[in-house]
Amino acid sequence: MVDLKGQYEAIKEMVNSSVLEVLDSTAFINGPKVHEFQKNLEDYLGVKHVIPCANGTDALQIAMMGLGLKPGDEVITADFTFAATVEVIALLGLTPVLVDVEPDTFNIDIDAIKKAITPNTKAIVPVHLFGQCANMDAIMDIAKEHNLFVIEDNAQAIGATYTSKNGTKQKAGTIGHVASTSFFPSKNLGCYGDGGAIFTNDGDLAHAIRGIVNHGMYRRYYHDVVGVNSRLDSIQAVVLNTKLPKLDAYNKARQNAAEKYTNAFKGEENIVTPFINDSQSTHVFHQYTLKITNGKRDALVEHLNSKGIPCGVYYPVPLHSQKAYQDSRYNEADFTVTNQLIKEVISLPMHTELDDEQITFITNTVKQFING
Ligand SMILES: *Cc1c(COP(=O)(O)O)cnc(C)c1O
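Reading the values: the criteria
- Residues numbered from 1 in each chain as written.
- Predicted model: local features only at pLDDT ≥ 70, side-chain atom pairs only at ≥ 80, totals over all residues.
- Heavy atoms only, no water.
- Near = heavy atom within 4 Å.
- Polar contact = N/O pair within 3.5 Å; in protein donor to acceptor, adjacent residues only side chain to side chain.
- Areas by Shrake-Rupley, 256 points an atom, 1.4 Å probe, with all protein chains shown as cover.
- Pairing = 2+ DSSP bridges.
- Helix = DSSP H or I, 4+ residues; strand = E, 2+ residues; numbered from the N terminus.
- Axes fitted to C-alpha atoms, helices over the stretch in contact; angles between N-to-C directions.
- Contact = heavy atoms within 4.5 Å.
- Left-handed = near helix turned anticlockwise from the far one by under 90°.
- Nonpolar A, V, L, I, M, F, W, Y, C, P; charged D, E, K, R; others polar.
- Buried < 20%, exposed > 50% of the residue type's maximum accessible area, 1.4 Å probe, protein only.
- Expected span 1.5 Å × (residues − 1).
- Arc of directions from axis to C-beta.
- Patch = residues over 30% accessible without salt bridge, like charges linked within 9 Å, V, L, I, M, F, W, Y side chains within 5 Å.
- Salt bridge = Lys/Arg side-chain N within 4 Å of Asp/Glu carboxyl O.
- Core = buried A, V, L, I, M, F, W, Y, C linked by side-chain atoms within 4.5 Å.
- Domains from an automatic or database assignment.
- Buried area = accessible area lost by both parts, 1.4 Å probe.

## Considering the site of the ligand
- For the ligand, the full set of nearby residues is Asn55, Gly56, Thr57, Thr81, Phe82, Ala84, Val127, Asp153, Ala155, Gln156, Ser182 and Lys187.
- At 2.7 Å, a backbone N or O of Gly56 approaches an oxygen atom of the ligand.
- Residue Lys187 places a side-chain N or O atom 3.0 Å away from an oxygen atom belonging to the ligand.
- Taken by itself the ligand offers 390 Å² of open surface, and the protein chains cover 91% of this.

Next up, the structure:
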């Protein structure tokens, strides 16, 4: 699905020498390289505060802790996403409220959010799924009207650009009150281990979060709040410092591969290629996800596996049906889109090193099987 080796080969000398520098300096934790990365990412995103942390799941949890959400507060998020999003809501004793998504972008559905709001609702967590932003204009309007926080889960869309109704362009993850991202190796900006970050333009929130990531300390050995230990280490920071200047080129390579895939599938009746809502958001293709509409998705997965072509089903089970997240208040009729998507979606290999020969082989294999 990803070719981390090919990408590494192209930056090997720079990465290796910067990692050796860290080893020589022995500044493994909270060293100057982490600070340098924080500044670089703030500049890239055009956001006032970046707080690096240990992974994208922690980033979400810490963002919610920073906002002071309390047990019993309801947090609305998408039914069709990776479980980390709902997991941290539940872990903090908050009440997850899962809602359906849009059939074309796979992002959280605006009417479903409106329907789910109660007097206990405190926050909305849109996930910019597969690399394309959710409808942030509508989400920010709802949040304003109901006095809610918006936490963007930006683990899959770093580098995407969102265009507001009024024409303002902002990077994904800089529009809501706070956002989280992940630097897991396969993400669009991946390090060589675990890593994550929180972004916000709110100085008070940034201050609160800087203490929370460090055991609730704002002054050494004075613990003002209950915190966690969540740090990005210096070795990951130098890998990210090497890769961040290439992020736009990496995302462009993904977009080029996506365009080639989509062209190859033109005219295919049973294959729906990704919808790009480009007046609203660029798509940075964390995943290239098709819908197979003739009931052959599962058979296609088996066929591709037998031909040595990697593929993935993201996600095979809606979160509202997962044992850990069932809730008697849910009604199947409210999840018609997710319930359909889990049967139709398949993601093809997507990374920065895909070449034309691979794309042709993959698309021919898919088409032959679907029409066969
Ligand atoms: C990857 C991912 C996360 C979690 O990131 P980790 O760094 O693996 O903890 C959270 N949300 C979404 C949507 C993700 O894709």
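Having put the structure on the table, let's press on.
## Observations concerning the sheet that holds strand β5 (residues 149–153)
- Strand order in the open sheet formed by seven strands is β1-β9-β8-β5-β4-β2-β3, with mixed pairing between adjacent strands. Edge strands, defined here as strands with exactly one partner in the open sheet, are β1 (49–53) and β3 (95–99). Each neighbouring strand pair of the sheet contributes to a mean axis angle of 25°, computed without reference to strand direction.
- Examined bridge by bridge, β1 and strand β9 (residues 196–200) share five bridges and lie antiparallel to one another. Counted as the bridge partner of Cys53 is Gly196 from β9.
- Sitting on the sheet, helix α6 (residues 136–146) touches β4 (121–125) and β5, and the angle it makes with β5 is about 150°.
- With respect to the sheet, helix α7 (residues 203–212) is in contact with β1, β8 (178–182) and β9, its orientation differing from that of β1 by roughly 15°.

## What to know about the packing of helix α2 (residues 32–45) against helix α8 (residues 234–243)
- Their axes nearest at 8 Å, the elements α2 and α8 cross at an angle of 40°. Like other packed secondary-structure pairs, α2 and α8 cross with a definite hand, here left-handed. Every residue of α8 that contacts α2 at Lys33, Val34, Glu36, Phe37 and Asn40 is listed here: Ser234, Ala237, Val238, Leu240 and Asn241.
- Residue classes in the contact of α2 with α8 are distributed as five nonpolar, three polar and two charged.

## Quick notes on the pairing of β1
- With five of five residues buried, β1 is to be regarded as a mostly interior element.
- Across the two faces of β1 the burial is the same, with His49, Ile51 and Cys53 and Val50 and Pro52 all buried.

## Thoughts on α2
- When the terminal C-alpha atoms of α2 are compared, their 20 Å separation across 14 residues agrees well with the 20 Å that a helix rising 1.5 Å per residue should span.
- Of the residues making up α2, those classed as buried are Val34, Phe37, Gln38, Leu41, Glu42, Tyr44 and Leu45. Along the long axis of α2, the arc covered by the buried residues comes to 165°, so they all point the same way. Turned more than 90 degrees away from the buried face of α2 sit Pro32 and Asp43, all of them exposed.
- Next to the buried residues of α2 lie β1, β7 (169–171), β9, α8 and α9 (247–264).
- In the segment just after α2, Gly46 is the residue with positive phi, at about 70°.

## Some details on α7
- If you check which residues of α7 are buried, you get Leu205, Ala206, Ile209, Gly211 and Ile212.
- Where the residues of α7 are buried, they touch β1, α3 (56–66), β8, β9 and β10 (217–219).
- Between a side-chain oxygen at the N-terminus of α7 and the backbone nitrogen of Asp204 the separation is 3.0 Å; the capping residue is Asp202.

## A short note on a nonpolar patch on the surface
- Taken together, Leu20, Leu23, Phe28 and Ile29 make up a surface patch of nonpolar side chains, about 370 Å² in accessible area.
- Take Leu23: it is sitting in helix α1 (residues 4–25).

## Here we look at the sheet that holds strand β13 (residues 288–292)
- Across the sheet, which stays open at both edges, the three strands sit in the order β12-β13-β14 with antiparallel pairing between neighbours. Of all the strands in the sheet, just β12 (271–272) and β14 (345–348) have a single pairing partner and so form its edges.
- As judged from the four bridges shared by β13 and β14, these two strands associate in the antiparallel manner. By the bridge assignment for β14, Tyr288 is matched with Leu348.
- The sheet contacts of helix α10 (residues 297–306) involve β13 and β14, and relative to β14 the element is tilted by about 25°.

## Some details on the nonpolar core
- Counting 37 residues, the largest nonpolar core has Ile76, Phe80, Val99, Ile108, Ile113 and Ile139 as the members making the most contacts within it.
- At the level of secondary structure, the elements contributing two or more residues to this core comprise β2 (74–78), β3, α5 (110–116), α6 and α11 (336–344).
- No other element matches the five residues that α6 contributes to this core.
- Per-domain counts for this core show at least three residues from each of domain 1 (4–99 + 107–245) and domain 2 (247–370).
- Filtering out sequence-adjacent residues up to four positions away, Ile139 remains in contact with Ile108, Ile110, Ile113, Ile124, Pro126, Ala134 and Val150.
- The next biggest cluster of nonpolar side chains, apart from the first, holds 27 residues, and it includes Tyr8, Val19, Leu189 and Phe199.

## Details of the domain arrangement of the protein
- Annotation of the protein at the domain level lists domain 1 (4–99 + 107–245) and domain 2 (247–370).
- Its C-alpha centre places domain 1 at a distance of 24 Å from the equivalent point of domain 2.
- Counting residues at the interface gives 43 residues for domain 1 and 34 residues for domain 2.
- Summed over both sides, the interface between domain 1 and domain 2 buries roughly 3,100 Å², with carbon and sulfur atoms accounting for 53% of that surface.
- Along the contact surface separating domain 1 from domain 2 lie one salt bridge.
- We note a salt bridge from Asp334 to Lys115, for which the minimum N-O separation is 2.9 Å.
- Where domain 1 meets domain 2, there are 22 residue pairs in polar contact (both at pLDDT 80 or more).
- Within the residue set of the side of domain 1 that touches domain 2, elements represented by two or more residues are α1, β2, α4 (84–91), β3 and β6 (161–163).
- The leading source of residues in the side of domain 1 that touches domain 2 is β3, at five residues.

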